[in-house]
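Examination of the molecular architecture
Listed below are the residues making up each chain.
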Amino acid sequence: MRYRLIPVVLMVCSISVMAAEGLRELTEDELERFQFEIEEIPVTVKDLSLGQRYGLSTQRREMEDLIARRLGILGLKGDASDLKVLQSLIERKVMQSADVRQWQGMGIVFGDILAKEFRLHWVSYEDDRGTSKALRWGKTGNYVFPVTIFSKRVQFKEKIDVNAIYNKIEADIERFKAFENNRPVFK
């Protein structure tokens, strides 16, 4: 009982300190109109470095080798017809959930399909969370992050439907292309 009282006492003391410092509670209307200060963290986007390109190539080769060994498929086409190959890897449980590198390799192969089908290109994307490899449409601020698209789902024990993910991304890409094409261009 003595231990449960400590958090309550601390909470009461905190409220008393806030009241003593002149902090006030906002009304519902004030809260709706409140303007939060948002610090914009700059994003840096560049062409992939030589090391990043090498890393992507290495993981592509590893995936092609895995596909050849486990599924007997000797070459990928690099287009949407390869989606069924990726789904086969999942359905046959070729990769364990702990094989993050392989899941990310699958994300790279998936990204190559997206790049070919939707005219996206690989870039290096750096923000406050770190540096990632991403796909970018043209010179816009529209990105897809395929490298971790499968490994994150595996991490959170989500069911993976490659075609459904592809269709969702396709719809998103079509939306941002339509927005970009309808937007007035200022020179």
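None of these values were measured; they are calculated from a predicted model. (Residues numbered from 1 in each chain as written. Predicted model: local features only at pLDDT ≥ 70, side-chain atom pairs only at ≥ 80, totals over all residues. Heavy atoms only, no water.)

1. Observations regarding the overall build of the protein chain
For clarity, the cut-off: Helix and strand labels come from DSSP, where a helix needs a run of H or I of at least four residues and a strand needs a run of E of at least two; each type is numbered from the N terminus. Two residues form a contact once any of their heavy atoms are found within 4.5 Å. Note that accessible areas follow from Shrake-Rupley with a 1.4 Å probe, and for residues the cover is restricted to the protein chains shown.
A tally of helices and strands in the protein chain yields seven helices and four strands. Shown N-terminal to C-terminal, the secondary structure of the protein chain runs as helices and strands in the order α-α-β-α-α-α-β-β-β-α-α. Within the protein chain, contacts between residues at least 6 apart in sequence are counted, and of these 60% link residues at least 24 apart. Accessible surface, the protein chain: about 13,600 Å² in total, of which carbon and sulfur atoms supply 53%.

2. So, the packing of helix 4 (residues 83-91) against helix 5 (residues 100-118)
Short version of the rule: Helix axes are fitted only over the stretch in contact, all axes being lines through C-alpha atoms; the angle between N-to-C directions runs from 0 to 180 degrees. Each angle gets one of four labels, with under 35 degrees taken as roughly parallel, over 145 as roughly antiparallel, 65 to 115 as roughly perpendicular, and the rest as oblique. If you view the pair so one helix is near and one far, a crossing is left-handed when the near helix is turned anticlockwise from the far one by less than a right angle, and right-handed when it is turned clockwise. Under this grouping Gly is polar, as are all residues other than the nonpolar Ala, Val, Leu, Ile, Met, Phe, Trp, Tyr, Cys and Pro and the charged Asp, Glu, Lys and Arg.
Contact geometry of helix 4 with helix 5 gives a least axis separation of 10 Å together with a crossing angle of 165 degrees. Looking at the two axes, helix 4 sits roughly antiparallel to helix 5. In this structure, helix 4 meets helix 5 at a crossing whose hand is left-handed. Contact residues: helix 4 offers L83, L86, L89 and I90, while helix 5 offers W103, M106, V109, F110 and I113. Taken together, the residues that form the contact of helix 4 with helix 5 break down as nine nonpolar, no polar and no charged.

3. Details of the environment of N142
Mapped onto the elements, N142 comes out in the loop between strand 3 (130-137) and strand 4 (143-144). Through-space distance from the C-alpha of N142 to that of I173 is 8.3 Å; in sequence the pair is 31 residues apart. Beyond its immediate chain neighbours, meaning those up to four positions away, N142 contacts L135, R136, W137 and F176.

4. Some thoughts on the sheet that holds strand 2 (residues 120-127)
Two strands in a sheet stick together by hydrogen bonds in their backbones, pointing the same way (parallel) or opposite ways (antiparallel). Rules: We call two strands paired when DSSP finds no fewer than two bridges between them.
Read from one edge to the other, the open sheet built from four strands follows the order 1-2-3-4, with strand pairing classed as antiparallel. Strands at the two margins of the open sheet, each flanked by one partner only, are strand 1 (44-46) and strand 4. As paired elements, strand 2 and strand 3 share eight bridges and run antiparallel to each other. Bridged to Y125 within strand 3 is S132.

5. Focus: the packing of helix 5 against helix 7 (residues 162-182)
Helix packing for two helices is described by the angle between their axes and how far apart those axes are. Put simply, helix 5 and helix 7 touch, their axes get as near as 12 Å, and they point 40 degrees apart. Judged on the interaxial angle alone, helix 7 and helix 5 are oblique. Taken as a pair, helix 5 and helix 7 cross one another with a handedness that is right-handed. Here M106, F110, I113, L114, E117 and F118 of helix 5 lie close against helix 7, whose contacting residues are V162, I165, Y166, I169, E170, I173, E174 and K177.

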